Amino acid sequence: MRLFTINFMGVIERLREYVDFKGITKYKFYQETGLSNGFLDKNTNVGSDKCEKIIYQYPDISPEWLITGRGSMLRSDQPAQVSYEPTIGVPYYDVDFIAGFDQIFNDQTLLPAHNVVFKPFEKATLWCNVTGHSMEQKINHGDIIALKECTIDDVQYGEIYAVVLDTIRTVKILRKSEDPHKFRYVPVNKAEYDDQDFDKSRIIKIYEVLGNISKFF
């Protein structure tokens, strides 16, 4: 049977993102998968046999994300559970981050509705909702997102952040603005949404987006 090949640049880039996220060294990756040294550094075609090895070795990686880039990096079909024990899981707040630039009232919700138990994102600070379509295909309308609180100084350009501004709560890719006092907020869905710049001084809180899953409760 002939093995199919996949757009190698996308797969290789996503593999690099995955091993960085998991803290896996290249040496360990090559040992565990049996793939040749330098695989992550070369522009070579990725066959279905290699993808199968990777998915078999790392069952938490989403095959759809690996091959197409759609959805979350980690499989959303791993069991996620609701916990009402305050010491078990990560707090979920029934608050929306807007995948757009709509002005909204910044609801200062203090008490979580419950906790979410989901091992891949157990280091998150909190979970909350996403509404809107500007981050599709990476984050879908109605998903819940795992957030880890950080500071402006922690921002890595090109990564996704949830930002609480004075009049906006939004989820976007953050990039450098021409104005050093601002961040550029970049959507994934560029067909319907444009980039916008906002002053850093308007930021009340900022969170790294660890990942997203479909809402299950």
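Note that the structure is predicted; figures quoted are calculated from it, not measured.

How each quantity is defined
Residues numbered from 1 in each chain as written. Predicted model: local features only at pLDDT ≥ 70, side-chain atom pairs only at ≥ 80, totals over all residues. Heavy atoms only, no water. Helix = DSSP H or I, 4+ residues; strand = E, 2+ residues; numbered from the N terminus. Buried < 20%, exposed > 50% of the residue type's maximum accessible area, 1.4 Å probe, protein only. Contact = heavy atoms within 4.5 Å. Polar contact = N/O pair within 3.5 Å; in protein donor to acceptor, adjacent residues only side chain to side chain. Arc of directions from axis to C-beta. Salt bridge = Lys/Arg side-chain N within 4 Å of Asp/Glu carboxyl O.

What should I look at first to understand the overall build of the protein chain in this one?
The number of helices and strands found in the protein chain is 4 helices and 12 strands. For the protein chain, the residues scored as buried account for 43% of the 217 residues in total. Here the contacts in the protein chain between residues at least 6 apart in sequence split such that 64% fall between residues at least 24 apart.

Before we go on, may I ask you to explain the side chain of Arg 169 in this structure?
Positionally, Arg 169 belongs in strand β9 (residues 169-176). A relative accessible area of 7% places Arg 169 in the buried class. One polar contact links the side chain of Arg 169 to the main-chain carbonyl oxygen of Asp 96, over a distance of 2.8 Å.

I would appreciate a short explanation of unusual backbone geometry in the present structure.
Glycine aside, the phi torsion of most residues is negative, and most peptide linkages are trans. A cis amide bond links Glu 136 with the next residue in sequence, Gln 137, at an omega value of 20 degrees. Within the secondary structure, Gln 137 sits in the loop between β6 (126-131) and β7 (143-150).

Quick question: what am I supposed to make of helix α3 (residues 48-57) here?
Helical geometry note: an α-helix holds 3.6 residues per turn, so side chains three or four residues apart project in the same direction. Along α3, the residues classified as buried are Ser 48, Cys 51 and Ile 54. Down the axis of α3, the buried set is contained in an arc of 120 degrees. They therefore lie on one face. Seen from the open side of α3, the exposed residues pointing more than 90 degrees away from its buried face are Glu 52 and Tyr 56.

Looking at this structure, how should I read helix α2 (residues 26-33)?
All buried positions along α2 are accounted for by Phe 29, Tyr 30 and Thr 33. An end-on view of α2 places all buried positions within 95 degrees of arc, on one side of the element. Turned more than 90 degrees away from the buried face of α2, the exposed residues are Tyr 27 and Gln 31. Downstream of α2 by one or two residues, Gly 34 has phi in the positive range, about 80 degrees.

Even after reading the chapter, I still don't get the environment of Thr 167, so can you show me in this structure?
One can find Thr 167 in the loop between β8 (160-165) and β9. The exposure class of Thr 167 is partly exposed, given its relative accessible area of 27%. Taking the C-alpha atoms as reference points, Thr 167 and Arg 202, separated by 35 residues in sequence, lie 8.6 Å from one another. In terms of polar contacts, Thr 167 uses its side chain to reach the side chain of Arg 202, at 3.0 Å.

Looking at this structure, how should I read the pattern of salt bridges?
Should their charged atoms come close, side chains of opposite charge can pair. Summed over the entire model, instances satisfying the criterion amount to 7 salt bridges. Here Glu 32 makes a salt bridge to Lys 28, at a shortest N to O gap of 3.8 Å. Here the residue Glu 32 and the residue Lys 28 both occupy positions in helix α2, the gap between them amounting to 4 residues, near one helical turn. Accessibility expressed as a relative area gives 29% for Glu 32, which makes it partly exposed. When the shortest N-O distance is used, the salt bridge between Arg 184 and Asp 197 registers 2.8 Å. Remark: Asp 197 occurs in strand β11 (residues 196-199) and Arg 184 occurs in strand β10 (residues 182-186); sequence separation between them is 13 residues. By relative accessible area, which is 28% here, Arg 184 ends up partly exposed. Relative accessible area serves as the criterion here: at 26%, Asp 197 is assigned to the partly exposed category.

The values reported here are purely geometric and, on their own, carry no functional implication.
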